[in-house]
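Observations on the three-dimensional arrangement
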Amino acid sequence: MLIYYFVTFGISLLFTLLYVLIWHKHFDVHFTLMFSFIPIANLGALMRAVSTNLNEAIVANDIIYLGSTFLMLFMMMCILDRCNITLPKPVRIGFFIFSMIVFAGALTSGWAPLFYTSLSMTKKNGVTILVKEYGFMHTLFYVMIILYMLISIGAMIYSFRRKKDVSNKIILLMAIPEALTVFSYFFGKMINKDIEFVAAAYCFSQFFFLFIVQSICLYDVEETHLDSLKETKSTGFISFDFRLRYLGSDETAQTFFPELAEIKVDTKSEDVPFLAEQAVNRLKSFMENEDSKSSFYSRNGRTYLLDVNYLYDGKKKRGYRIFVEDDTENQEYIALINRFNTVLQEEVEEKTVHIKEMHDKLILSMATLVESRDNSTGGHIKRTSEGVRILVDEMMRKNKLHLTNDFRKAIIKAAPMHDLGKIAVDDAILRKPGRFEPWEFEEMKKHAAEGGRIVHQVLEGTDDEYFRKIAENVASYHHERWDGSGYPKGLKGLEIPLEARIMAIADVYDALVSKRVYKESMSFEEADRIILEGMGKHFDQRLEEYYVAARPRLEEYYRSLPE
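Residues numbered from 1 in each chain as written. Predicted model: local features only at pLDDT ≥ 70, side-chain atom pairs only at ≥ 80, totals over all residues. Heavy atoms only, no water.

What follows deals with the overall build of the protein chain. A tally of regular secondary structure across the protein chain gives 19 helices and 7 strands. Evaluated residue by residue, the protein chain yields a buried proportion of 44% over its 563 residues. On the protein chain, roughly 30,500 Å² of surface is accessible, and the fraction owed to carbon and sulfur atoms is 59%. (Helix = DSSP H or I, 4+ residues; strand = E, 2+ residues; numbered from the N terminus. Buried < 20%, exposed > 50% of the residue type's maximum accessible area, 1.4 Å probe, protein only. Areas by Shrake-Rupley, 256 points an atom, 1.4 Å probe, with all protein chains shown as cover.)

Given below as structure tokens:
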């Protein structure tokens, strides 16, 4: 029997030493307390076994209860922690006070009939055994054990069924030492009254707890993540208090920035050139705007990502910390991707320009083809396009109508398409060498609406929706009149799109000053008189000043054309 107590104390002490060797700062403090109190309880059992008088036996018994009373509390707190259940602080204090009361009752042994109503000792097989009669405080000890056991069982059952962030394997492992300990308390005496089976139960509990603490680290995701960062040496940190005094840095940060190893803790950051240059401004920017927390710093061919945030002590903000990450490879990869994208974009733009040029040439060819069918309007496309250019340039000069460069480019590009609808007009009418009969003119008038339809179909699906709309308006409405007497829809005033109103002036001016099969060319003076008379009737009165300003250039252009 004496060997049993020596062995259980020795094993419990050995397991505690093993725990010290594998101890990690992330271990729950209650595990540490259990591994500390179990050898104390087993030492008390050994001391009582070798005691020579009643007083020594009572003191040893008090040491046993020092361990036994608080071990069940620590075991329950460990189980609650593993089940991710946090008790309110007043409840935790209440349980501790309850355990203290029970332990205080045990300390009355030998001088007050609270825990034991009577005590005596006897020797059996060389081992001292206390003969006890239990008092009501000892019953309170059993109540405490049952209470802590029920809370533990309830927490394990709840977590097993409801909590997805709790390992069922850990819960089952925690249940084994709990069951062994409680069983030894209540049923050990039934097996043999002279042996403290609790001492052996404690040793078995330590054995299981050693496996548990090793496994627990794997489930502490936040801590294992930080440990992994530390071991890979890819991320470091620098800490400061709210007064921007340097609190310290880890080995990785000091590897990135060797100056940190020479800075004394509590030094003001402003007094250290490196911190003043690289940390102070970033920290102050973060204080002004918490979204301003990430920046880059290049040094010796490496690029570091500096991320500022608060330094927490639990849930309390205690200062600031700067995470430092070597982001060189990412930045090089991003730079490579950007270069690739730039080259790709340039190639796409080059191809796009080429496609647009082909598209424009195709449209111009269609317009030229249509014009070649009309033996009365040779060169009309080129002349009206230049006329539009001259008019719009004058409009852009003063720009009272707030025209954009995009509008200028679009209308000049659309001008050659204004008569595309003539492709649908019968040759007999289109090529007639004289004036139209009324019914022939009605057929000819259909080219405007038909032109809008053709332009819509040709440009449908193009990326440049703005140009498509302007080109369609030019083709459809360049024969509309300000007073509503035009065609195809009889639009009036501002109902007529601006691009069509501009096209109308260039179109009529060319018709007046150009020779046709059915008429001679008109003089510039006569053409000018007709245009000005048409302002407010045929043409938009607001465009008169731009036409007047453009007239010298129009006349100069038409004089430059071959006869």
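Attention now moves to the packing of aromatic side chains. Across all of its chains, the model carries 33 aromatic pairs by this definition. When the ring of Phe 242 is compared with that of Tyr 320, the centres are 5.3 Å apart and the planes differ by 90°; the resulting orientation is edge-to-face. You can see Phe 242 sitting in the loop between β3 (235–241) and β4 (246–249) and its partner Tyr 320 sitting in strand β7 (residues 316–326), a full 78 residues away along the chain. Note on Phe 257 and Tyr 297: the rings are 5.8 Å apart at their centroids and 50° apart in plane angle, and the pair reads as tilted. (Phe/Tyr/Trp six-rings, centres within 6.5 Å; stacked < 30°, edge-to-face > 60°.)

This next bit is on a negative patch on the surface. Together, Glu 346, Glu 347, Glu 349 and Glu 350 line one region of the surface with negative charge. Relative to the assigned elements, Glu 346 resides in helix α11 (residues 328–373). (Patch = residues over 30% accessible without salt bridge, like charges linked within 9 Å, V, L, I, M, F, W, Y side chains within 5 Å. Salt bridge = Lys/Arg side-chain N within 4 Å of Asp/Glu carboxyl O. Lys, Arg positive; Asp, Glu negative; His and termini not counted. Charge placed at Lys NZ, Arg CZ, Asp CG, Glu CD.)

Under the defined criterion, the tally for this structure stands at 23 salt bridges. Arg 408 is the partner of Asp 393 in a salt bridge, and the nearest nitrogen-oxygen pair spans 2.8 Å. With Asp 393 in helix α12 (residues 380–398) and Arg 408 in helix α13 (residues 405–414), the pair connects residues that are 15 residues apart, well separated along the chain. A residue is classified by how much of its surface remains accessible, and Asp 393, at 18% relative accessible area, is buried. Judged by relative accessible area, Arg 408 falls into the partly exposed class, the value being 23%. One connected set of salt bridges, linked through shared partners, spans Asp 393, Arg 408 and Arg 553.

Shape is all these values report; function is a separate question.
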